[in-house]
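One letter stands for each residue in the lines below.
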Amino acid sequence: MENTMTSAQKLKNLLELEIIPDLEVAIDELFAAIDKAKTASKEQKEDLEEMREMRTECFAIVEELGRDELEDDEIEELLAELIDMKTEED
């Protein structure tokens, strides 16, 4: 039996196992830096807001996948975008 994951499963795994945890670590680190400095720069506030929005979007995508609300082409597009994003980080 061939063990091939669908794009939807790959997307869900990528979000749940890598992207969301990475975002949460980044958010925690930023909070720690802000806490240590006792103040947040405008840039840090913007970064924090951006990361929180991304995390919210990621959770929303996972929920939509769970409800089977995404078209295959949307899934492929999101998967490609996220893989590109992860590749740029490394």
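Preceding this paragraph is the structure being described.
As a starting point, this report considers the structure included with it. Bear in mind the structure is a predicted one, so any value in this text is a computation, not a measurement.

**Comments concerning helix H1 (residues 7–37)**
Argument step 1. With 31 residues, H1 should reach 45 Å at 1.5 Å per residue; the first-to-last C-alpha distance of 42 Å fits that figure.
Argument step 2. Where H1 bends most, at leucine 15, the angle is about 40 degrees.
Argument step 3. Burial in H1 covers these residues: Ser7, Leu11, Leu14, Leu15, Ile19, Ile20, Leu23, Ile27, Leu30 and Ile34.
Argument step 4. Residues of H1 that are buried make contact with helix H2 (42–66) and helix H3 (72–89).
Argument step 5. Note on H1: the residue one or two positions beyond its end, lysine 38, has a positive phi of about 65 degrees.

**Here's the deal with the side chain of lysine 86**
Argument step 1. For lysine 86, the location among the structural elements is in helix H3.
Argument step 2. Each residue touching lysine 86, except ones within four places of it in the same chain, is listed here: Leu14, Glu18, Ile19 and Asp22.

**Points about the pattern of salt bridges**
Argument step 1. Applying the stated criterion across every chain, the model contains seven salt bridges.
Argument step 2. Two residues, glutamate 46 and lysine 42, come together in a salt bridge whose shortest N-O distance is 2.6 Å. With glutamate 46 and lysine 42 both in helix H2 and four residues apart, the pair spans about one turn of that helix.
Argument step 3. By relative accessible area, which is 63% here, lysine 42 ends up exposed.
Argument step 4. The salt bridge involving glutamate 63 is made with arginine 67; its shortest N-O contact spans 3.6 Å.
Argument step 5. When its relative accessible area of 48% is taken as the criterion, glutamate 63 is described as partly exposed.
Argument step 6. On the accessibility criterion, arginine 67 (48% relative accessible area) is partly exposed.
Argument step 7. Salt bridges sharing partners connect three or more residues here, namely Glu18, Asp22 and Lys86.

**Things to note about the nonpolar core**
Argument step 1. Counting 20 residues, the largest nonpolar core has Leu11, Leu15, Ile19 and Ile61 as the members making the most contacts within it.
Argument step 2. Secondary structure elements with two or more residues in this core: H1, H2 and H3.
Argument step 3. Looking at which element gives the most residues to this core, the answer is H1, with nine residues.
Argument step 4. In this structure leucine 11 touches Ile61, Leu65, Ile75, Leu78, Leu79 and Leu82, once residues within four positions along its chain are discounted.

Thresholds applied
- Residues numbered from 1 in each chain as written.
- Predicted model: local features only at pLDDT ≥ 70, side-chain atom pairs only at ≥ 80, totals over all residues.
- Heavy atoms only, no water.
- Helix = DSSP H or I, 4+ residues; strand = E, 2+ residues; numbered from the N terminus.
- Expected span 1.5 Å × (residues − 1).
- Bend = angle between axes of the 7 residues up to and from the residue.
- Buried < 20%, exposed > 50% of the residue type's maximum accessible area, 1.4 Å probe, protein only.
- Contact = heavy atoms within 4.5 Å.
- Salt bridge = Lys/Arg side-chain N within 4 Å of Asp/Glu carboxyl O.
- Core = buried A, V, L, I, M, F, W, Y, C linked by side-chain atoms within 4.5 Å.

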